[in-house]
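Structural overview for review
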Amino acid sequence: MKNVVLKLTLITVFFLSACSAVVKGDFSKLSTESSNQKIAVNQLGYLVNSEKIAIVPNVTATTYDLVDVNTNKVIRSGQLSHAKIWDNAGNDTFKHADFTDIVTQGNYLLRVKGVRNSAVFSINNHVYDSVHTAALKYYYLNRSSIEIEKKYAGIYARPLGHKDDDVLYHSSAEQGDDFKAKEVQSQKGWYDAGDYGKYVVNSGIATYTLLAAFEHYPEVYQKQILNIPESSDNVPDIINEALWNLEWLITMQSKDGGVYHKLTTLEWPGYEMPHEDKRARYLIGKTTAASLNFAATLSAASRVIAPYYPNKSKQYLGAAIKAWKYSLENRTQFYEQPADVKSGEYGDSQLKDEFAWAAAELFLTTKDNIFYNFYKEINIDYSAPSWRNVSYLSLSSLLFKAKELLSKQEYEDLKIKQKNLADMYLKQHISSSYSVAMEKSDFVWGSNSAALNKAIVLLQAAQLNNNSHYLKAAQGFVDYILGRNPTGYSFVTGFGYKTPQHPHHRISQSDGITAPIPGMLVGGPQAGQQDECNYDSNQPAKSYSDSWCSYSTNEVAINWNAPLVYVLGAFVSR
Ligand SMILES: [Ca+2]
Ligand SMILES: [Ca+2]
């Protein structure tokens, strides 16, 4: 009997969705309780003074009740918006419940006739504290070359994986004199993503973003305790964690100043724990992109860690300058995947942005105008950062650190460029029916990090211009990531009432523990479906699969978690 009902329901759902394809934009199509649409909220909740919006399926009701779950009293009977549709989510129609003006801390749910109650969410100023800490702790739990101990990791303790004291030179890396040594030590660093590789360009932007979070919100990180092996020293834990990767990065430089592209196995590792992966690991390729990324990251690091590690600070700057010089002499050494290598490519043939970023960071750390003049001549466009396009990182660093070094006019010109970009994203937020500045073109592989990197631009505009309008748009992204989206998932493992259970992350898949490592941001929806797994929808904002199979929407990565840390850190600081 149950099966018959289920079949009928499925047929009905199929029929309704077939119809809705014909009547795109027909707002008379109502959602019913039998449909699987639910009220979507930020599953962790809202800060007291933030914009507070929930997405309600398009039921006939025109009002909502906001219920205080402790007293079971209705705090507000509010008006739902008119029905809306979002191009990125197909034909679903929905309404907004806006309760921005509720500023009483507490636990609430939304009740709307014709649809199930929302889950319980909070309004208070600490709603993001623990997810922020977990997002940063993720890096410790993904460290290479160290035992992950029970006292720091609890059930996620695991034996040391990838000591990397016997790394081989791949034929693509055999240049100069280095390779005459058979083996090389290249220890520490974080696992890049779902695999166990270590890639310079991706770890560069990830490390830089964590360092920027510290530079911009020091009060948050001065007091944060991650419970990692270095928690009892006098160095902020975010710096300790960044150092774990910087100490690996520095090993990737060859004697001539150039930087190896990556350290991986030839094939993808098996579905096994780090200590079980006994495949040989290689230094592979040497590229201009890796050298410039290294120069930028180590130059920035030299500046940020100077008060804590003066000797390392000097060492990093020296290495950065050497990598810069190598890049000037080898401007087009692009990565070409050797025939026997299957690991990630991270190929990039547009290096104007990498040159600009490295020049800007070297200018800030050395104060030598030769670098700023180089930077000015490049004349690049800016967009939200990604591992492949780092132009914005130069703009951001200069705006936060170069005010005293530039003429008033030069500084104002840069500020206007930043503001123009943020204004574009603010407009997208205001005109978005879903109240999130996600355009169709943002639904790329790793769309959640595209979202959070746009949020970084907005948060920085808020700070640089002392204008809180931008915060609303940034909050829209936080809500989107934490559950106010058409998939109904909070995209951070372990945080929310519906979260990814099967991320494409080898440790979580093979550690024998049901719950994945917490605090990991999954890549997020995008319509490419390159992994050919099963998806319920091919709409950009709904094309997501919580399955191990789905490396194109459900993988995790160090460069995706880093903007999550930054953005949550910004809101924790408020
Ligand atoms: Ca510490
Ligand atoms: Ca580039």
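What counts, and where the lines are drawn
Residues numbered from 1 in each chain as written. Chains lettered and ligands numbered in written order. Predicted model: local features only at pLDDT ≥ 70, side-chain atom pairs only at ≥ 80, totals over all residues. Heavy atoms only, no water. UniProt positions renumbered as here; feature names shortened; annotations may be inferred. Helix = DSSP H or I, 4+ residues; strand = E, 2+ residues; numbered from the N terminus. Buried < 20%, exposed > 50% of the residue type's maximum accessible area, 1.4 Å probe, protein only. Expected span 1.5 Å × (residues − 1). Contact = heavy atoms within 4.5 Å. Polar contact = N/O pair within 3.5 Å; in protein donor to acceptor, adjacent residues only side chain to side chain.

In the nomenclature of an unreviewed UniProt entry, the chain corresponds to Endoglucanase from the organism Pseudoalteromonas sp. An33. What UniProt states about the chain under its Sequence similarities (unreviewed entry) heading is, verbatim, "Belongs to the glycosyl hydrolase 9 (cellulase E) family."

Next up on the list: unusual backbone geometry. Positioned with a positive phi, lysine 188 is a non-glycine residue whose angle comes to about 70 degrees. If you trace the backbone, lysine 188 turns up in the loop between strand S10 (183–184) and strand S11 (198–199). For lysine 188, a relative accessible area of 29% puts it in the partly exposed group. In this structure, lysine 367 takes a positive phi of about 60 degrees despite not being glycine. Secondary-structure assignment places lysine 367 in the loop between helix H9 (352–366) and helix H10 (369–378). Looking at lysine 367, the relative accessible area reads 53%, which means it is exposed.

Moving on, we come to helix H13 (residues 447–465). Residues separated by three or four positions in an α-helix point in the same direction, a consequence of the helix having 3.6 residues per turn. Between the first and last C-alpha of H13 there are 27 Å, a value that for 19 residues agrees with the 27 Å anticipated at 1.5 Å per step. For H13, the tally of buried residues reaches 17 of 19 residues, placing the bulk of the element in the interior. At the exit of H13 stands asparagine 466, carrying a positive phi of roughly 50 degrees.

As a further point, take the UniProt feature "active site" (unreviewed entry) in the chain. Feature annotation in UniProt places "active site" (unreviewed entry) on His504, Asp546 and Glu555, given in this structure's numbering. Across 52 residues of sequence, these annotated residues stay compact in space, with a maximum C-alpha separation of 9.6 Å. Structurally, the position occupied by aspartate 546 is in the loop between helix H15 (506–510) and helix H16 (558–572). When residues no more than four places from it in sequence are discounted, the contact partners of aspartate 546 are Tyr489, Thr499, Pro500, Gln501, His502, Pro503 and Asn554. Reaching out from aspartate 546, the side chain makes a polar contact with the backbone nitrogen of histidine 502 at a distance of 3.0 Å. Mapped onto the fold, glutamate 555 is located in the loop between H15 and H16. We classify glutamate 555 as buried; its relative accessible area is 14%. When near neighbours in sequence (up to four residues on either side) are disregarded, glutamate 555 contacts Ala193, Gly194, Asp195, His504, Leu521, Val522, Gly523, Ser550 and Trp560. A polar contact is formed between the side chain of glutamate 555 and the backbone nitrogen of glycine 194, at a distance of 2.8 Å.

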